Amino acid sequence: MYRYFIQPQLNKFNNSLIGYEMLIRYRETDQDRWTLPESFDNIPIDVQVSLLKATASELALKIGSVSINFNRKQFLNDDIAAAVIDAQKKLFPVHVIVEVTEEPGEESFTLAAMQQQINKYKANGLQFSIDDVGTGINVYDHIKPLLESAEEIKFAMQNFRAEDRENEIPIQLKFWRDVAVQHDIRLILEGVENDAEDQMADDLNISLRQGYYYGKPHLFKLKVDHQ
């Protein structure tokens, strides 16, 4: 069984909830533990679509925007795109933000194909976010052509920790903050876990944040879950 967990995104400076990120998880029917799917590509498209619509439509009563993650292969899938566009039309004025994540082995997807799909999403009222900036293939030179089309970038401190690059976080975060200002797009800092990281974001004047420090992902129970 698949379900979405949601994690709050907030504006620290005015203490407001700006949205939720939807994170898909899997549970065997005979277990009481939710885990990351072994492969997101193996999740049936109809399952992703129906779950997205059900979760987003219920969340729409509570919040102004919802974010959903896709790797590049999923992002370029026309069936998924059609379903997400349909969901956006039904959820308006709630914004659906499509986050494109960084995963190994995705170098084969061309920027031209990405740009064509971005244009399709944006023409139908969705917003485009580049996740995991500064790590993997989402380095500046690789994603620079897409920045003009993005409404948002996300800097994931947990990725730097996983790559043993934690010492690079302050200088990299300053760089991406300046990129966001230059392109007039939102920057969300992910992976904030303690007082020191919260203070670092204060010092860098980064208002939009997400992480265990503010709220862990939790299961969003659909009405069908109670039936």
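Here, the structure is the one placed above.
Keep in mind the model is a prediction, meaning the values are calculated, not measured.

Caption draft 1: The side chain of T135, seen in detail. In this structure, T135 sits in the loop between β5 (127-130) and α5 (140-143). Side-chain polar atoms of T135 contact the backbone oxygen of D132, separated by 3.1 Å.

Caption draft 2: Geometry of the side chain of N71. Relative to the elements of secondary structure, N71 occurs in the loop between β3 (65-70) and α2 (72-75). With relative accessibility at 2%, the residue N71 sits in the buried group. Looking at N71, its side chain comes within polar contact range of the main-chain nitrogen of Q74, at 2.8 Å.

Caption draft 3: Layout of the pairing of strand β7 (residues 186-190). Extensive coverage of β7 is indicated by the burial of four of its five residues. Relative to strand β8 (residues 208-209), β7 runs parallel, the two being bridged by two bridges. Each residue of the ladder has a partner; that of L189, found in β8, is R209.

Caption draft 4: Summary view of the nonpolar core. Grouped together as the largest cluster of nonpolar side chains are 55 residues, with contacts concentrated most on F75, V84, Y121, I130, I153 and F155. For I130, the residues in contact, after removing those within four places along its chain, are V100, N138, I143, L146, L147, A150, E152, I153 and K154.

Caption draft 5: Region of interest: the environment of D203. Within the secondary structure layout, D203 lies in helix α8 (residues 195-203). The exposure class assigned to D203 is exposed, which follows from its relative accessible area of 59%. With 84 residues separating them in the primary sequence, D203 and N119 have C-alpha atoms 35 Å apart.

Caption draft 6: Main features of the packing of aromatic side chains. Taken as a whole, this structure holds nine aromatic pairs when the rule is applied. Here the aromatic rings of Y2 and Y26 are separated by 4.8 Å at their centres, their planes lie at 45°, and the arrangement is tilted. Taken as a pair, Y2 in strand β1 (residues 2-11) and Y26 in strand β2 (residues 16-26) lie far apart in primary sequence, 24 residues in all. The class for Y26 is partly exposed, based on a relative accessible area of 24%. Aromatic pair F5 and W34: ring centres 5.7 Å apart, planes at 70°, arrangement edge-to-face. Here the residue F5 occupies a position in strand β1, and W34 occupies one in the loop between β2 and α1 (45-59), the gap between them amounting to 29 residues.

Caption draft 7: Geometry of the pairing of strand β6 (residues 152-156). With five of its five residues buried, β6 lies for the most part within the structure. Burial along β6 is two-sided: E152, K154 and A156 and I153 and F155, pointing in opposite directions, are all buried. Taken together, the two bridges between β5 and β6 define a ladder with parallel strand orientation. The partner of I130 across the bridge, within β6, is I153.

Caption draft 8: How the structure looks around the pattern of salt bridges. Summed over all chains, the structure comprises 17 salt bridges. Through salt bridges with shared partners, one network takes in K12, D198, D202 and R209.

Caption draft 9: Structural view of unusual backbone geometry. For the bond running from F92 to P93, omega is 15°, close enough to zero to count as cis. For P93, the location among the structural elements is in the loop between α3 (78-91) and β4 (95-100). Within the chain, D132 stands out as a residue other than glycine whose phi angle is a positive 60°. For D132, the location among the structural elements is in the loop between β5 and α5. Judged by its relative accessible area of 8%, D132 falls in the buried class. One non-glycine residue, D184, adopts positive backbone phi at about 55°. For D184, the location among the structural elements is in the loop between α7 (169-183) and β7.

Definitions and cut-offs
Residues numbered from 1 in each chain as written. Predicted model: local features only at pLDDT ≥ 70, side-chain atom pairs only at ≥ 80, totals over all residues. Heavy atoms only, no water. Helix = DSSP H or I, 4+ residues; strand = E, 2+ residues; numbered from the N terminus. Polar contact = N/O pair within 3.5 Å; in protein donor to acceptor, adjacent residues only side chain to side chain. Buried < 20%, exposed > 50% of the residue type's maximum accessible area, 1.4 Å probe, protein only. Pairing = 2+ DSSP bridges. Core = buried A, V, L, I, M, F, W, Y, C linked by side-chain atoms within 4.5 Å. Contact = heavy atoms within 4.5 Å. Phe/Tyr/Trp six-rings, centres within 6.5 Å; stacked < 30°, edge-to-face > 60°. Salt bridge = Lys/Arg side-chain N within 4 Å of Asp/Glu carboxyl O.

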